[in-house]
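# Architecture and fold: a report
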Amino acid sequence: MTLISMVNYWAVIVLMMTGYYCMIVRGNMIKKVIGLGIFQTSVFILFISAGKVNGGSTPVLRDGVDLYSNPLPHVLILTAIVVGIATTAVALALTVRIREAYGSIDDDDIDAAAEEDDRV
Amino acid sequence: MSSITELMPFIVLIPLIAGPVCVLLPGRGLPWLLATLAMISAFIISAFVLAAVFDGDTLRYAFGDWPPPVGIEYRVDAANAFVALLITGVSAILLPWGKPLVDDEVPERQGSFYALVLIALAGLLGITLTGDVFNVFVFLEISSLATYGLIAHGRDRRALIAAFRYLIMGTVGATFLLIGIAVLYILTGSLNMLDIAERLPVNEGSRALDVGLGFIVVGLSIKLALFPLHHWLPNAYTYAPSLISALIAATATKVALYVMLRFIFDVFGPAYSFTALPLAAGLMALAIGSMFAGSWLAILQSNLKRMLAYSSVAQVGYMVLGVSLTTVSGLTASFLHLFNHGLMKAALFASAGLMAYRCGGLGMNDLRGIGRQMPWTLTGFALAGVSLIGLPPTAGFISKWYLLTAAVDAGQIWLVGLILITSLMALLYIARVIEIAWMQPRPDDAPAVEEAHWTLLLPVWVLVAANFWFGIDTRLTVGGATRAAEALSSGALP
């Protein structure tokens, strides 16, 4: 009963760990950015879950409804999503530039090239 | 009094509005001029704001007349005003200094470059002034995103890698902060710092609250570059353009420390923070780790900027060490070092920037024997280095003295030895640069180097002079730091 009712929080934890793992372990920069996106999204879900009121309807004024979910977390997360998009965009732009400068977007290749730079 | 309250938000708004205007300005002169004027006017306002709150008052400004906790408010006491004064002051001095270096390193599209500088500074100032936790997150991301872009402007291609890795780590840090804020919101239903502090169930032993505090402290420790989370910092500082290295070294980590203190002391309250988690012991261990690892790695570096970057990690250790003593005098020492370190690192990175400008590189081999060619720059570097080591009569001595006194007062006399050892390590790596630049002969095949123009030297020497001034006249720094510590702890600490 409690396990099922907490399913959204379990989803948050699974997504958070997936994204985090992806960011740390994957050498490919695009995969790192994808991991970053999953990681951030999990926090958005955590926030939105907090705004849910049991039995509450969507926060839109209607006749016959007087219990609403809390709209504030949605609004906050709208801002956070914009921040997340900006972060992803900057990360992808940097990836493009790295690809131009190094000819690769893999951590190992780039580390090798950077060591080459250090010696020069 | 009320007019100052009305003016206070403009410390953030001026650079935030001037930023986009900068993008539209053509050429090289106009964007720079606008950026400099914006930071000078923000500096003047911050000076008035600090004067207004110096006696323990708090300025509150509710945006759009929505009273808190519904609306967003800026709440400024001595702690914020002190940090804001450092950021605006250092940037107002460094922007005129950086003009020829930026012309050299970022020749094209300077409008957008200065726009990023202004937005990064506006973000830092926003974090400093706001009294709303979600606003802290948004401004943290604004300033971080602009900083990633600025670091990627470095000429070396490794700057791109440094920016990307900083982006990954920085976003993890900011997202951790967001998780902590989510927990605070779930528990209290409020985002206003003062309101949260009143509503938090600190006496009920809530596990969620402990987790929230943990996430916030770890997230901000990444931004703060506290050992062992400092990994992004050395490369970011090394490959960024000179102006950016100097600016972010003097401001970004300090703001992260300030926010962490604001959360620990004002939002959670010291009574809860230091009992729920072994925060004092943990911060002390990490601070000592920072001091030793940073100093040791700084000794090993063969690039001057990288050496200064690792030295920043060590200096962050001193600031956090003061906090971990959990006394008002320790907190005062932290704030004092936060301000003084901003001054000394700005001076050191500024003179290093001049060396890079004239020599082309900052490897120790490039610097061999340049002391005779660039005596004014190297003397400035040496004097700022004296402040970093902490010899009297410099600002660095004052902050170390207060830190030592605080350690003794807290009964941790063994810390005195550790602080002295790491100061000796600082002496080693600063003396090595002096030795290479002054004592060794210039290699015959090295290109001729000439002294930087006096307009470039003047800001460096203003910063060096500030280091000595605040080592002798400590009314502003010690007074400000004491008031800041009192404002944060509000009598809850011994």
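Please read these numbers as outputs of a predicted model, since none were measured by experiment. (Residues numbered from 1 in each chain as written. Chains lettered and ligands numbered in written order. Predicted model: local features only at pLDDT ≥ 70, side-chain atom pairs only at ≥ 80, totals over all residues. Heavy atoms only, no water.)

### With respect to helix 20 (residues 454–472) of chain B
As a reminder of what qualifies: Labels follow the DSSP assignment, with helices taken as runs of H or I lasting at least four residues and strands as runs of E lasting at least two, numbered in each case from the N terminus. How far a helix is expected to stretch is found by multiplying one less than its residue total by 1.5 Å. When accessible area is computed with a 1.4 Å probe and restricted to protein chains, residues below 20% of their type maximum are described as buried, those above 50% as exposed, and intermediate ones as partly exposed.
Between its first and last C-alpha atoms helix 20 of chain B spans 26 Å; for 19 residues at 1.5 Å apiece the expected length is 27 Å, and the two agree. Buried within helix 20 of chain B are the following residues: Leu456, Leu457, Pro459, Val460, Leu463, Val464, Ala466, Asn467, Phe470 and Gly471 of chain B.

### So, a nonpolar patch on the surface
All names here are of chain A. Applied cut-off: Only residues whose relative accessible area exceeds 30% and that form no salt bridge are eligible for patches; like-charged ones are grouped when within 9 Å, while nonpolar side chains (Val, Leu, Ile, Met, Phe, Trp, Tyr) are grouped when within 5 Å. Accessible surface is estimated by sampling points in the Shrake-Rupley manner with a 1.4 Å probe; for residues, cover comes only from the protein chains shown. Between Lys or Arg on one side and Asp or Glu on the other, a salt bridge is scored when a side-chain nitrogen of the former is within 4 Å of a carboxyl oxygen of the latter.
A cluster of nonpolar side chains, namely Leu3, Ile4, Met6, Trp10, Ile13 and Met17, defines an oily patch on the protein surface of about 660 Å² accessible area. Sorting elements by how many residues they give to the nonpolar patch places helix 2 (residues 7–25) first, with 3 residues. In this structure, isoleucine 4 sits in helix 1 (residues 2–5).

### Considerations on the packing of helix 17 (residues 375–389) of chain B against helix 20 of chain B
Residues and elements named next belong to chain B. Note the threshold: Here an axis means a line fitted to C-alpha atoms, over the contact stretch when the element is a helix, while the angle between two N-to-C directions is reported on a 0 to 180 degree scale. To sort the angles, those under 35 degrees are grouped as roughly parallel, those over 145 as roughly antiparallel, those from 65 to 115 as roughly perpendicular, and the leftovers as oblique. Helix crossings get a hand from a simple test, with the near helix turned counterclockwise from the far one by less than a right angle marking a left-handed crossing and a clockwise turn marking a right-handed one. The contact rule is simple, with two residues in contact once any of their heavy atoms fall within 4.5 Å.
Contact pair helix 17 / helix 20: the axes reach a minimum separation of 10 Å and the direction vectors enclose 25°. With respect to helix 20, the axis of helix 17 lies roughly parallel. Seen from above, helix 17 lies across helix 20 with left-handed handedness. Here Trp376, Thr377, Thr379, Gly380, Leu383, Ala384 and Ser387 of helix 17 come into contact with helix 20, specifically with Leu457, Trp461, Val464, Asn467 and Phe468.

### Some points on the UniProt feature "domain: NADH:quinone oxidoreductase/Mrp antiporter transmembrane" (unreviewed entry) in chain B
To keep it simple, the criterion reads: UniProt positions are given in the numbering used here, feature names are shortened, and annotations may be inferred rather than shown by experiment.
UniProt's entry tags residues 131–425 of chain B with the feature "domain: NADH:quinone oxidoreductase/Mrp antiporter transmembrane" (unreviewed entry), counted in the numbering of this structure. Structurally, residues 131–425 of chain B is divided into 80% helix and 0% strand, and its ends, taken at the C-alpha atoms, are 39 Å apart.

### Some words on the UniProt feature "transmembrane region" (unreviewed entry) in chain A
Residue and element names in this part refer to chain A. What UniProt calls "transmembrane region" (unreviewed entry) maps, in this numbering, to residues 6–26, 33–51 and 71–94. Between the end C-alpha atoms of residues 6–26 the distance is 30 Å, and the span holds 90% helix and 0% strand. Regarding residues 71–94, the helix share stands at 96% and the strand share at 0%, and the terminal C-alpha atoms are separated by 35 Å.

### Quick look at helix 18 (residues 395–409) of chain B
Residues and elements named next belong to chain B. Between its first and last C-alpha, helix 18 extends 21 Å over 15 residues, near the 21 Å set by a 1.5 Å rise per residue. Looking only at helix 18, the buried set comprises Ala395, Gly396, Ile398, Ser399, Lys400, Leu403, Leu404, Ala406 and Ala407. At its buried positions, helix 18 is contacted by helix 14 (304–324), helix 15 (328–359), helix 17, helix 19 (414–439), helix 20 and helix 21 (475–489). Backbone geometry just downstream of helix 18 places glycine 411 in the positive-phi region, at approximately 80°.

### Describing the confidence of the model for chain B
Selection rule: Each residue carries a pLDDT score, the predictor's own confidence in it, on a scale running from 0 to 100.
Scored by pLDDT, chain B comes out at a mean of 86, with 99% of its residues at no less than 70. Per-element confidence in chain B ranges from a low mean pLDDT of 79 for helix 16 (residues 370–373) of chain B to a high of 92 for helix 6 (residues 133–151) of chain B.

### A short note on the side chain of serine 245 of chain B
All names here are of chain B. Residue placement: serine 245 occurs in helix 11 (residues 242–267). A relative accessible area of 0% means that serine 245 is categorised as buried. When near neighbours in sequence (up to four residues on either side) are disregarded, serine 245 contacts Tyr237, Ala240, Lys305 and Phe349.

### Thoughts on the pattern of salt bridges
Between side chains of opposite charge, a pair can form when the charged atoms approach closely. For the structure shown, the criterion picks out 12 salt bridges over all chains. Residues arginine 262 of chain B and aspartate 77 of chain B are paired through a salt bridge, measuring 3.0 Å at the closest nitrogen-oxygen approach. Here arginine 262 of chain B, found in helix 11, pairs with aspartate 77 of chain B, found in the loop between strand 2 (73–76) and helix 4 (78–105); they are 185 residues apart in sequence, far enough to count as distant. The pair formed by arginine 262 of chain B and aspartate 77 of chain B is uniform in burial state, with each residue classed as buried. As a salt-bridge pair, aspartate 266 of chain B and arginine 262 of chain B come within 2.5 Å of each other at their nearest N and O atoms. Here the residue aspartate 266 of chain B and the residue arginine 262 of chain B both occupy positions in helix 11, the gap between them amounting to 4 residues, near one helical turn. Three or more residues are tied together by salt bridges with common partners; here these are Lys32, Asp107 and Asp111 of chain A together with Arg165 of chain B.

### A closer look at unusual backbone geometry
With the exception of glycine, most residues fall at negative phi, and the peptide bonds are largely trans. All names here are of chain B. Here the bond from phenylalanine 227 into proline 228 is cis, since omega is 0°, no more than 30 degrees from zero. Inspection of the secondary structure assignment puts proline 228 in the loop between helix 9 (207–224) and helix 10 (233–239). Although it is not a glycine, alanine 225 adopts a positive phi angle of roughly 65°. The topology assignment puts alanine 225 in the loop between helix 9 and helix 10. Judged by its relative accessible area of 0%, alanine 225 is buried.

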